[in-house]
Structures are given as C-alpha cells and as structure tokens.
Amino acid sequence: MESLQVSDYMNHHPVKLTEDMTVAEAVEKLLANNQTGGAVQNARGQVTGFLSEQDCLKMMIESSYYREQVCRVKDIMQTTVSAVKPWNSVLEVAQRLINERPRVFPVIDDDGALVGVINRAAVLKAIDKQLQSGYDKMAV
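Residues numbered from 1 in each chain as written. Predicted model: local features only at pLDDT ≥ 70, side-chain atom pairs only at ≥ 80, totals over all residues. Heavy atoms only, no water.

Colleague: How should I be thinking about helix α4 (residues 90-100) in this particular structure?
Modeller: The periodicity of an α-helix, 3.6 residues per turn, causes residues three or four places apart in sequence to face the same way. Here α4 has its buried residues at V90, V93, A94 and L97. Down the axis of α4, the smallest arc covering the buried residues is 105°, so these residues share one side. Facing away from the buried surface of α4 by more than 90 degrees, the exposed residues are I98 and N99. Structurally, the start of α4 carries an N-cap: the backbone nitrogen of L91 is 3.1 Å from a side-chain oxygen of S89. Backbone geometry just downstream of α4 places R101 in the positive-phi region, at approximately 65°. (Buried < 20%, exposed > 50% of the residue type's maximum accessible area, 1.4 Å probe, protein only. Helix = DSSP H or I, 4+ residues; strand = E, 2+ residues; numbered from the N terminus. Arc of directions from axis to C-beta. Polar contact = N/O pair within 3.5 Å; in protein donor to acceptor, adjacent residues only side chain to side chain.)

Colleague: Please clarify how the pairing of strand β4 (residues 104-108) should be interpreted in this entry.
Modeller: On a regular strand, each side chain points to the face opposite its neighbour's, so the side chains alternate between the two faces of the sheet. Of all 5 residues in β4, 5 are buried, a share of seventy percent or more. Of the two faces of β4, both are covered, the one formed by V104, P106 and I108 as well as the one formed by F105 and V107. The sheet contact formed by β4 and strand β5 (residues 114-119) spans 5 bridges and is antiparallel. Residue pairing for β5: I108 is matched across the bridge by L114. Counted between consecutive antiparallel strands, the loop separating β4 from β5 contains 5 residues, among which G112 sits at a positive phi close to 85°. (Pairing = 2+ DSSP bridges.)

Colleague: What am I meant to see in the side chain of Q41 here?
Modeller: Position of Q41 relative to the elements: it lies in strand β2 (residues 37-41). For Q41, a relative accessible area of 12% corresponds to the buried category. Polar side-chain contacts of Q41 include one of 3.0 Å to the backbone oxygen of G45. Among all residues touching Q41, those that are not within four sequence positions of it are K16, L17, T18, E19, Q46, V47, T48 and L114. (Contact = heavy atoms within 4.5 Å.)

Colleague: Can you help me understand the pattern of salt bridges in this one?
Modeller: Close approach of charged atoms allows side chains of opposite charge to pair. Evaluated as defined, the whole model comprises 3 salt bridges. Between D110 and K85 there is a salt bridge whose closest N-O contact spans 3.6 Å. Taken together, the positions of D110 in the loop between β4 and β5 and K85 in the loop between α3 (73-76) and α4 put the pair 25 residues apart, joining distant regions of the chain. With a relative accessible area of 62%, D110 lands in the exposed category. The class of K85 is partly exposed, set by a relative accessible area of 23%. Across the pair E100 and R96 runs a salt bridge whose closest N-O atoms are separated by 2.9 Å. Here the residue E100 and the residue R96 both occupy positions in helix α4, the gap between them amounting to 4 residues, near one helical turn. (Salt bridge = Lys/Arg side-chain N within 4 Å of Asp/Glu carboxyl O.)

Structural data, given as structure tokens:
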C-alpha cells in the first residue's frame, strides 16, 4: 500500500477557535461547520488547546440551568493537544484513532500553527480509496 499522507485527506479549512471566545460562540461555530471539536489558537495562531463537544456539554447544561454563566473556551479546553503533522501517514493516524479514540486530530506544522484537521471519516475515506485502487488493479 503506497504512502497516504494526512495533507491529502485533511480538512484544509477547519473551525478556528480562540481562547477568549465564549463557549456558546464556539459551539455555534462547531455546529455550523459540522465539526465535533476544534483547535484553540492564541493570538499568534499557535494551537494552545482543543475543545470537543464533550467539553462543551457540561458547561452548556449549567449555563442553561443558571442562565447567567458566561464561560470562555480557555476555561474548559483541553490543554494537552493530541495532534498530527501534515506529512504523517494516514495509516499511523488510523492506528492512533483506534488506540486513543479521539474523533478528530488537529493538524499542525512545526511552528505549532493549525493547518487543518483530520477526522475518522477522512481516514476511512483514504483507506477505502486505497483499497479500491488495489482491487481495481487486481481485476485487470
């Protein structure tokens, strides 16, 4: 199986969240873009955290109950970010998806800047495309 790179299958236009954004604003962005999570960036564009739907659920429930809390992304984001590089193999990412069980990985460059995201569906698509290509070659 030839090398499949993350950069060929990642979403090049991911939701970009900021540390000072309210959780409600972040949720609206995630929902509008059909993403289950997003990288959080500082003012220099470097990834400083990750915010998932799971992170937002508790805070959104509390906010709706008390109707007064305004929580910022930096207050609930995960600060340990599990990310991949654009040149990583999709097969390596697939193995990490199995072992670590995230839904999405931010794709960052060597400077820590967000360049995309790759999710389970994109990894499945890449592997399926590769397998189909192999089947087509065998049928000839």
